[in-house]
Structure formats: C-alpha cells, structure tokens
Amino acid sequence: MRKRSAATVVATLVVGSLCAGAPHPRAEAAEAGIDLDTVTIPELQARMAGGSLTSSALTTAYLRRIRDIDPTIHAVLRTDPTALRQAAASDVRHRRGDTRGPLDGIPVLLKDNVNTSGMPTTAGSLALAGRPPDTDAALVTRLRDAGAVILGKTNLSEWANFRAAKPTSGWSAVGGQTNNPYVLDRNPCGSSSGSAAALAASLAQVAIGTETDGSIVCPAGMNGVVGHKPSLGLVSQDGVVPISAEQDTAGPMARNVTDTALTLAVLSGGATAHRPDEPARPGRLRGKRIGLWRLPSLGAEVDAVMTRTAKELRRAGAEVVEVTPPYQKRLAELEFPALLSEFHRDIDVYLATREGPRDLAELVAFNRTHPAERTCFAGQELFEQALAAPSTADPEYRAMRAELKDLSRRSLDETMTAHRLDAITSPTNPPAWTTDCARGDNDVIPSSTPAAVAGYPSLSVPAGWVGELPVGLLLMAGDHQDGTLLSLGAAVERRLHAWRAPRYLPSVTP
C-alpha cells in the first residue's frame, strides 16, 4: 500500500469490503500512515508528543471503525457519547506537556459488567438495562485518572457465562451474538467475548475483560489477541458484576503484551514489577525453564502448535520440559459447587446497589417473565442451583473452598518447584467451534483452572494457527509474579510472532 505522510493527523480509515474472499479491512489510520492493527501505545504517545497525532483524531478513527466493522461482529454494545470530549481534554494536556501517563488519550473499551456512570452496565441482561450505575467502578476511576478515553462497552456472555447449563459464549439478551472476526460462524469464547473480538478487529487500542475461570484468556486465545488475568486482588473488583470474590478479577486485553502491561499498571495502581510509565520489557528466553502442559484432549492440530512452539522456545535458548500439574480432577469436582454458593452471596450484594431485581430470587423471576432472555440461553439452571446452594457460612462450603485453594496452589507450586520452572505453559484454547444456540458451547478447556482457582496470574499470547483459527499459548506463574510473567510473555510473543489480522471469512470447512 502506498506510503502516506506521517505528518498529517489521523482523519479517516481505509475499510475494505467484507465480502467472502476479499482482503481483510486494513485497520489503518490513512492520513497518518498508522496501522491500527500493529501500533503500540508507546508509538502512539511518541506521535502525540511530536504533534503528528492527536487523541481526537485517534478516537475518531476508532469510532469510524466501530461504525464500519462492528455490524459484522457485534462486539460493541454502545459507544460513549463523551468520547470525543474526553479526547479533546487529553489533547489540551498533551499541548501543555502535562500528560498523565502512557494511557492519556488512548481509547479503551470496557466489558459491560464494569460499572460506568452515565452509561448502561447490563452484564448482558435486560434486568439491568434501566438506570445506569451512579458511580464508576474503581478500575474505571483509575483509567479516567490516567487520562484514558472511555470509548464504549463491549458485549459479553450474559452474566459472564454463569446462568445456563448449556450457554453459548458471546451471546446476551442485550447484545445478541458476538462473532469471531477470523471466521464469522465460529465462536469467540466467553465471557469477555466482545472485548477480545473488538481487539481482533482493531476497534480500540485496549479493552478490559473479567475472569472467574478462563473468561479473559480463552477469548484472547480464540480471537488471536493478548489477555492477562492478574493475580487475585491486584485489580479492584469494586463496581464489577460478580460471580465469586474468591476468584473474580478484571484484567487488560490488547493486541500486544506491551499495551497489556501498560494497562495493568494503571488498573493496579502500579502494583506490579513494572513502573506505570514503562512497558513490559521482553525478557531473555535463554536459560529459562518452561514447563509444557500439552493437553492432548484439545486435539492433534493444537498439539502440533504446541510442538512447534516448544521448538521455537528451545531455539531461543529456553529449556522446555513436559509436565502435568496434579489434582486437576479434584479441582474440577470442587470448583463449580463452591462458585454456586459464592455467586448467591456476591450477586445479592451487587444487585442491592442497582435498579431492577434486588436479589437472585427476583432475578430468576424476571427471567421467567421475559421471553427475550430465553432466545439463546434457554435456561437459568445455574441461578436456580445457586439459590439452593449451601451458604458460604456452611462448614461444607468452607471445607470445599479451603481444599480448592490448597490444591490449586499446590498444583502449580509443586510442579514449578519439582522442575525448577520459571513458568508453566499450555494451549489456551482449541480451534473455535461453530456457534450453535441449540447445542451451546461444545468444549471444556482445563488449562485456565489452576491459576484461576489459586488466584495466580496467567497470560495468553498468540501461538499459532489451525487453518484460519488462532490458538493461544497460556503462561502461568506464581502469586503476584505478574510483572515477571508479562516480561516473559513479551519475549515469547517476539519469538513466536504469531499474530495476524482477521479476514472475516463467513465460514471454513471443519
């Protein structure tokens, strides 16, 4: 494509045809020659500091791209009507040399279970589609204080995929079905499906997801982007629709590890190994010991991606040893019953702060009288089971959660100690399955569970491909080793160089 002057600010987007077989729409801010697919936050800030780019122009570019591309993937529920005013305020700070850090002027999308004052926050449910929250979630306050532009809200699996026994990831009564940008009839995984799909389509620079078990890393893997589940407690959950205080965390998602790390530093108040104004520096792979948990149940093609990944890491000087973390069967047996009790406790507290159903019992009654809530998530079996679950004061529940915490931490700690590992890796996801409301999701992905239950950090980076479908590499490390994990992830990302832009294919042969 012809080079354009870098001295002209972003004004328009080049958007190609979405018809079958056409080249993918270039995520390019044409007048400045900025490729939104690949540009990083430090590169954007350098342009803003040099006067060749403004936040207003960048925000306009993303808003136009949402207008042109999102009708194909249904990732963005709504844009913030104040986005351009936020960007203009950032431009004033840039001109004065009074910026607030690397996220100043950077457009961010928020998953729609994160409270945002003045904008609906629905968790995908019509039950919360009335009056918006009165206040921002704590993490939104941090983003605003850092100068980020709140661009809008993304679709999600309704109630973060904790409602139906046979859910369809990426569907909500408010937003309908989010499509995978790589192959449109394939699933984006959940529950941070809209955040991941929007990033794959370059509809924002970064996005915020949330995870209880797999809901950041699986969508990141399946949509070919980066997703970080922080250590439990590193990012405040105040003002985020809950499942379980024992496992829930919000976290950053982006198209590269650098932007992910910079966003985490803001979300956590800088409580990581990296300063808030510095990106994750790629660490050295030479001499690192990395455990590979293959998970052959995800299929021969995914296993082949892991074989190629291990080969690349060894070429870079890492030692890769195959491992199988213990206690996985017992973790699978205990996690769901514990989450039922925790969900009943925590959702009742949250609903009491919002207009609409005041507790879980009222929410169950709401769904029974609103047919639109049953067009894809046909049931609400998890809600009903949560109503009948033991209280979190019950000794049986307390014993379950104590065993979960012990076994999940031992699963990772013992494996890392026995093999002297710097990190454990595994495939993040299988190839995306075909979306089917009647069937629901057809895969269980075990790799996220140990870190999710333990409260340890995990990070998914693009690893490779099965045909047109992305596969991520999940990296896990010890408690509050987020900075170290991001540095290692940056090195892996640089070595694998596995990202590519989506082509919005209507379907592919299975």
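Bear in mind that the values here come from a model prediction, so they are computed numbers and not experimental data. (Residues numbered from 1 in each chain as written. Predicted model: local features only at pLDDT ≥ 70, side-chain atom pairs only at ≥ 80, totals over all residues. Heavy atoms only, no water.)

1. Concerning the pattern of salt bridges
Oppositely charged side chains are able to pair whenever their charged atoms sit close together. Under the convention used in this document: A side-chain nitrogen of Lys or Arg and a carboxyl oxygen of Asp or Glu constitute a salt bridge if their distance falls within 4 Å. Relative accessibility thresholds used throughout: buried, under 20% of the residue-type maximum; exposed, over 50%; partly exposed, between the two (1.4 Å probe, protein chains only). Strands are runs of DSSP state E lasting at least two residues, helices are runs of H or I lasting at least four, and both sets are numbered from the N terminus onward.
Applying the stated rule across the entire model yields 23 salt bridges. With its nearest N and O atoms 2.8 Å apart, the salt bridge here joins Asp134 to Arg131. A relative accessible area of 56% means that Asp134 is categorised as exposed. A salt bridge links Arg163 to Glu373; its shortest N-O distance comes to 2.9 Å. Note that Arg163 is positioned in the loop between β6 (149-154) and β7 (171-172) and Glu373 in the loop between α10 (360-368) and α11 (381-388), a separation of 210 residues in sequence.

2. A look at the sheet that holds strand β15 (residues 458-466)
Just so we agree on the cut-off: Paired strands are those between which DSSP finds at least two bridges. In this description, a line fitted to the C-alpha atoms serves as the axis of each element, helices being fitted only across the stretch in contact, and the angle between N-to-C directions of two axes falls anywhere from 0 to 180 degrees. The contact definition used throughout considers only heavy atoms, calling two residues in contact when any of these lie within 4.5 Å.
Read across the sheet, 11 strands follow the order β4-β6-β5-β9-β11-β10-β15-β16-β14-β12-β13 without closing on themselves; strand pairing throughout is mixed. The open sheet terminates on both sides in strands that have one partner only, identified here as β4 (76-79) and β13 (319-322). Here the strands of the sheet are splayed against their neighbours by 30° on average, with no regard to which way each runs. When β4 meets β6, the two strands line up antiparallel, connected through 3 bridges. Bridge assignment links Val76 to a residue of β6, and that residue is Thr154. Against the sheet, helix α2 (residues 55-73) makes contact with β4, β5 (107-111) and β6, and its axis sits at roughly 15° relative to β6, the strand it touches most. In the packing of helix α5 (residues 193-200) onto the sheet, contacts are made with β4, β5, β6, β9 (206-211) and β11 (249-254), and the angle to β9 comes to roughly 155°.

3. Here we look at the nonpolar core
Rules: To form a nonpolar core, buried Ala, Val, Leu, Ile, Met, Phe, Trp, Tyr and Cys residues must be joined to one another through side-chain atoms within 4.5 Å.
Core analysis: the largest hydrophobic core is formed by 105 residues, its most contacted members being Leu139, Leu143, Leu203, Leu285 and Val492. A per-element tally of this core places helix α14 (residues 482-496) first, with 7 residues. Look past the residues within four positions of Leu285 in its chain and what remains in contact with it is Ile290, Leu313, Ala316, Gly317, Ala318, Leu488, Ala491, Val492 and Arg495. Within the second largest apolar cluster, 22 residues are counted, among which are Ile243, Leu340, Leu363 and Leu382.

4. Focus on empty space enclosed by the protein
Here is the rule we go by: In this analysis, the protein atoms alone were mapped onto a 1 Å grid. Cavities are point sets where a 1.4 Å probe fits without being able to get out; pockets are open sets with protein on both sides within 12 Å along at least five of seven lines; lining residues have an atom within 4 Å of a point. Grid points are joined across faces, edges and corners, and a volume is the space filled by probe spheres set on the points.
Within this structure, the stated rule accounts for 3 cavities of 30 Å³ or more. Quantified by volume, the largest cavity comes out at close to 60 Å³. Along the walls of the largest cavity sit 15 residues, with Asn113, Thr210, Thr212, Val241 and Asp248 positioned nearest its centre.

5. Thoughts on the confidence of the model for the protein
Test applied: Each residue carries a pLDDT value, the predictor's own confidence for that position, ranging from 0 to 100.
Here the protein shows a mean pLDDT of 92. Residues at 70 or above account for 91%. Summarising per-element confidence for the protein, the mean pLDDT is lowest in strand β1 (residues 13-14) (24) and highest in β5 (99). Ignoring residues within four places in sequence, the model shows residues 1-24, a span with pLDDT below 50, making 61 contacts including any to other chains. In this model, residues 273-277 is a region of pLDDT below 50 whose contacts with residues beyond four sequence positions or in other chains number 14 contacts.

6. What about unusual backbone geometry?
Cis geometry marks the peptide bond from Gly190 to Ser191; its omega dihedral reads 10°. Considering the arrangement of structural elements, one finds Ser191 in the loop between β8 (176-177) and α5. In this structure, Arg420 is a non-glycine residue whose phi angle is positive, near 55°. For Arg420, the position within the fold is in the loop between α12 (395-419) and β14 (423-427). The exposure class of Arg420 is exposed, given its relative accessible area of 58%.

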